[in-house]
Amino acid sequence: MKTVLVIDDEIAIRETLEQILSYEGYDVKKAGSGTEGLAVVASSGPDVILLDVKMPGMDGFEVLERLAADGHRIPVIVISGHGNIETAVEAVRKGAYDFLEKPLDRSRLLVTLTNCLDHQEVLADKRILQEQVVASDPLVGESRGMREVRSFIEKVGPSEATVLITGENGTGKELVVRGIHRASARRDRPLVEVNCAAIPRDLVESELFGHEKGSFTGADRQRIGKFELADGGTLFLDEIGDMGEEAQAKVLKAVEENKFQRVGGAETKSVDVRIVAATNRELSAPDSGFRQDLFFRLNVLAIHLPPLREREGDIELLLEWFMADMAARMKTRPRKFDPETVAVLREYSWPGNVRELRNLVERLLILAPEDVVRPRDLPLLPGAAQEGARQSSFFDCADFQTFKSESEGAFLQQKLKENLYNVSRTAEVLGMQRSNLYKKISKYGLRTQPESV
């Protein structure tokens, strides 16, 4: 049910509009002045406002200016008994959706309201799509693992089931989500993404469910949460393994019931949302810190994305795809890859997976001096410039086994340095078990504290 706020100093107008709109199925709120109307906006957030121009104290134009200054996107239809071209032009210039002259024609009022709300819904969907910044990268690869991923998308996309995607960082989990959304009946509705790892834990609930003004320190206005924005579409909960226990409990309830309450609110909101979650962690272990009831609720349909080092034969396809795509974007001539270069890159362990390969191609497109990328054009291994004992580039290694050991060791040493040699934190950032990292440290003789000066 859409909410209409009527701001008019004439009680007869307010009551007449309430009767007409309530009969048409609208929830009507009323205010007798501009100041009172702004207070209603702050507390309840209507879907549309019918605003009188001539009112004592704060007039309608001042209300429009205040709404714009406070960042509200609520559409406003201005009504006035002193209608003329100048008033209408001024109303639209200040941000009004339309202007209606009193006495109001019932049919025109209802048509204008319907058009206004439809227009607002289109704008909201457009904003969400713009915020997604959807990349055009397809799921490139003909390895067995990638064929299974594409088959999974084709089968589960049309369903309404919850999906859990697992895999290392950089394997392309967001591309799978977009594929599932495009293959679903919700394709024309929003795909809303939430990076749970990037939100402070004390703000996760506000981000997901929204909050009411004054519900906590800093909540100076009402906020619509991601669940509400994704209504009718798909909600992508990325890195859900980083979500706190209290937020997990509320997400479980929302996923099971499709209902929630904004932080600080008493009203229960109902939504129709499909959940797709992703993580680089092992959530099924009892000591994972993740609620097992939520894990089983999310793990209805599951797919694991293989790391790039296990995708035999896909390296060359990805190199060609990224080179062609980026060259077209940059409006420059694509480089070709020497067979020796491809052979070296096939043997690299790719700890950053497809994301690392993409970054490498972009760098080579910009910096490679010739049309053909040769082994000598490849950059130093991650962290090599900082670690004197490992200042070797890809092509300096005598054999492939040495190459793999050098590259993995250099990468892990750099990550330890970036995380101030905190092994637990480094393991968490890399998405690997701490015990596994200790084994690698021992294997490669890595330092776990800064070099003495």
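Just so you know, these numbers come straight off a predicted model, no measurement behind them.

### Side note on the overall build of the protein
Along the protein, the regular secondary structure elements total 17 helices and 16 strands. In terms of overall dimensions, the protein has a C-alpha envelope of 90 × 55 × 50 Å along the principal axes. Expressed as a percentage of the 453 residues in the protein, the buried residues total 47%. Summarising the internal contacts of the protein: among those between residues at least 6 apart in sequence, 69% fall at separations of at least 24.

### Brief notes about the packing of aromatic side chains
Summed over all chains, the structure comprises 5 aromatic pairs. Relative to Phe260, the ring of Phe227 has its centre 6.1 Å away and its plane inclined at 50°; by these criteria the two rings are tilted. Here the residue Phe227 occupies a position in helix H9 (residues 226-229), and Phe260 occupies one in strand S11 (residues 259-261), the gap between them amounting to 33 residues. A single burial state applies to Phe227 and to Phe260, both of which are buried.

### A word on the sheet that holds strand S14 (residues 301-304)
Spatially, the 5 strands line up as an open sheet ordered S7-S10-S13-S6-S14, and their pairing is parallel. Each edge of the open sheet is held by one strand with a lone partner, namely strand S7 (191-195) and S14. Neighbour-to-neighbour, the strand axes of the sheet open up by a mean angle of 15°, direction not taken into account. Direction of pairing for strand S6 (residues 163-166) relative to S14: parallel, over a ladder of 4 bridges. Along S14, the bridge assignment pairs Ile165 with Ile303. Across the sheet, helix H7 (residues 173-182) lies against S6, S7, strand S10 (234-238) and strand S13 (274-279), angled at about 155° from S6, the strand it touches most.

### Quick notes on the pairing of S13
Buried residues dominate S13, accounting for 6 of its 6 residues. Residues of S13 alternate between two faces, with Arg274, Val276 and Ala278 on one and Ile275, Ala277 and Thr279 on the opposite face, all of them buried. Of the strand pairs in this sheet, S6 and S13 are connected by 4 bridges, and their pairing is parallel. Across the sheet, Thr166 pairs through a bridge with Thr279, a residue of S13. When S10 meets S13, the two strands line up parallel, connected through 4 bridges. Looking at S13, one finds that Thr234 is bridged to Arg274.

### Things to note about the nonpolar core
One finds Leu208, Phe227, Leu235 and Leu237 to be the most contacted residues of the largest nonpolar core, which totals 29 residues. For this core, the secondary structure elements donating two or more residues are S7, helix H8 (204-209), S10, helix H10 (245-257), S13 and helix H11 (292-298). At 5 residues, H10 tops the list of elements feeding residues into this core. Discounting residues that sit within four places of it in the chain, Leu208 has contacts with Val194, Gly225, Lys226, Phe227, Leu237, Met243 and Val251. Residues Val140, Leu308, Leu345 and Val373 belong to the second largest nonpolar core, which totals 25 residues.

### Overview of helix H3 (residues 60-69)
Burial in H3 covers these residues: Gly60, Phe61, Val63, Leu64 and Leu67. Each buried residue of H3 lies within a common arc of 160° when the element is viewed along its axis, so the set occupies one face. As for H3, its buried residues are in contact with helix H2 (34-44), strand S3 (48-52), strand S4 (76-80) and helix H4 (85-93). Sitting at the amino-terminal end of H3 is Asp59, which places a side-chain oxygen 3.2 Å from the backbone nitrogen of Phe61. Of the residues trailing H3, Gly71 is marked for its positive phi of about 80°.

About the criteria used
- Residues numbered from 1 in each chain as written.
- Predicted model: local features only at pLDDT ≥ 70, side-chain atom pairs only at ≥ 80, totals over all residues.
- Heavy atoms only, no water.
- Helix = DSSP H or I, 4+ residues; strand = E, 2+ residues; numbered from the N terminus.
- Buried < 20%, exposed > 50% of the residue type's maximum accessible area, 1.4 Å probe, protein only.
- Contact = heavy atoms within 4.5 Å.
- Phe/Tyr/Trp six-rings, centres within 6.5 Å; stacked < 30°, edge-to-face > 60°.
- Pairing = 2+ DSSP bridges.
- Axes fitted to C-alpha atoms, helices over the stretch in contact; angles between N-to-C directions.
- Core = buried A, V, L, I, M, F, W, Y, C linked by side-chain atoms within 4.5 Å.
- Arc of directions from axis to C-beta.
- Polar contact = N/O pair within 3.5 Å; in protein donor to acceptor, adjacent residues only side chain to side chain.

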